[in-house]
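Structural features, examined
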Amino acid sequence: MDDLKLKLILQAKKLYNHIYPCGNKDSFNECFTINENNLVFWFNTKDHSTHMIKISLENILEMIS
């Protein structure tokens, strides 16, 4: 799961350059949730907007099988 989290963090940095943990979270590790078979990464950008990106866990499981 940590590889997937890192992939989402890197994707967010590529899209927005500067990203920060969401809300009052201290680290990116606290900014993940699982919702409907998706790993979701929540983060803030320089303009204090909140964004999210996700990756389907179903697709990952199919690739592993």
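Let us look at the structure shown here.

Reading guide: rules and limits
Residues numbered from 1 in each chain as written. Predicted model: local features only at pLDDT ≥ 70, side-chain atom pairs only at ≥ 80, totals over all residues. Heavy atoms only, no water. Helix = DSSP H or I, 4+ residues; strand = E, 2+ residues; numbered from the N terminus. Buried < 20%, exposed > 50% of the residue type's maximum accessible area, 1.4 Å probe, protein only. Contact = heavy atoms within 4.5 Å. Areas by Shrake-Rupley, 256 points an atom, 1.4 Å probe, with all protein chains shown as cover. Core = buried A, V, L, I, M, F, W, Y, C linked by side-chain atoms within 4.5 Å. Pairing = 2+ DSSP bridges.

1. Describing the overall build of the protein
When helices and strands are counted, the protein shows two helices and four strands. Beginning at the N terminus, the succession of helices and strands in the protein can be written as α-β-β-β-β-α. For the protein, with 65 residues in total, the buried portion stands at 34%. Looking at the protein alone, contacts between residues at least 24 apart form 37% of all its contacts between residues at least 6 apart. With the model as given, the accessible surface of the protein reaches about 4,800 Å², and the carbon-plus-sulfur share is 51%.

2. Considering the nonpolar core
Counting residues in each nonpolar core, the largest one holds 15 residues, and the members touching the most others are L8, I19, L39 and F41. At the level of secondary structure, the elements contributing two or more residues to this core comprise α1 (2-16), β3 (38-45) and β4 (50-56). The element that contributes the greatest number of residues to this core is α1, accounting for four residues. Not counting chain neighbours up to four residues away, the residues in contact with F41 comprise L8, I9, A12, I19, F28, C31, F32, H51, M52 and I53.

3. Some remarks on the pairing of β3
Burial runs high along β3: seven of the eight residues are buried. Of the strand pairs in this sheet, strand β1 (residues 19-21) and β3 are connected by three bridges, and their pairing is antiparallel. Looking across to β3, one finds that P21 is bridged to F43. Examined bridge by bridge, strand β2 (residues 32-35) and β3 share four bridges and lie antiparallel to one another. When the sheet's bridge partners are listed, T33 is paired in β3 with V40. As paired strands, β3 and β4 are joined by seven bridges and run antiparallel to one another. In the sheet register, W42 faces β4, and the bridge partner there is M52.

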